[in-house]
Amino acid sequence: MALRPEVDKKQKLGRRVKGVYAPANPLLLWLTQLPLRLVALPPVRRYVTRRFIKG
């Protein structure tokens, strides 16, 4: 089939990066979510807004 080489590449890539979308343990999940949790804190949110959004 003409698509098989491309499908194989995509499947291999998916296996390599699966930890980004489905962390292997609770600690990795917590670390993955940490930036979003931090930016939800008012002082951090103000800093990010001033630094990156308002220019």
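Everything below is about the structure printed above this text.
Residues numbered from 1 in each chain as written. Predicted model: local features only at pLDDT ≥ 70, side-chain atom pairs only at ≥ 80, totals over all residues. Heavy atoms only, no water.

Our next topic: a positive patch on the surface. Residues K12, R15, R16 and K18 make up a contiguous surface patch of positive charge. Assignment of secondary structure puts R16 in helix 1 (residues 4-21). (Patch = residues over 30% accessible without salt bridge, like charges linked within 9 Å, V, L, I, M, F, W, Y side chains within 5 Å. Areas by Shrake-Rupley, 256 points an atom, 1.4 Å probe, with all protein chains shown as cover. Salt bridge = Lys/Arg side-chain N within 4 Å of Asp/Glu carboxyl O. Lys, Arg positive; Asp, Glu negative; His and termini not counted. Charge placed at Lys NZ, Arg CZ, Asp CG, Glu CD. Helix = DSSP H or I, 4+ residues; strand = E, 2+ residues; numbered from the N terminus.)

This part is about the pattern of salt bridges. Scanning the model with the defined rule gives 3 salt bridges in all. A salt bridge links R4 to D8, with the nearest nitrogen and oxygen atoms 3.2 Å apart. In this pair, R4 and D8 both sit in helix 1, 4 residues apart, roughly one turn of the helix. Residue classification places D8 among the partly exposed residues on the basis of a relative accessible area of 30%. Across the pair K9 and E6 runs a salt bridge, and its minimum N-O distance is 3.4 Å. Within this pair, K9 and its partner E6 are both found in helix 1, separated by 3 residues, close to a single helical turn. Classification of E6 by relative accessible area gives partly exposed; the value is 37%. It is possible to trace a salt-bridge network through shared partners that takes in E6, K9 and K10. (Buried < 20%, exposed > 50% of the residue type's maximum accessible area, 1.4 Å probe, protein only.)

These figures come from the coordinates and say nothing about function on their own.
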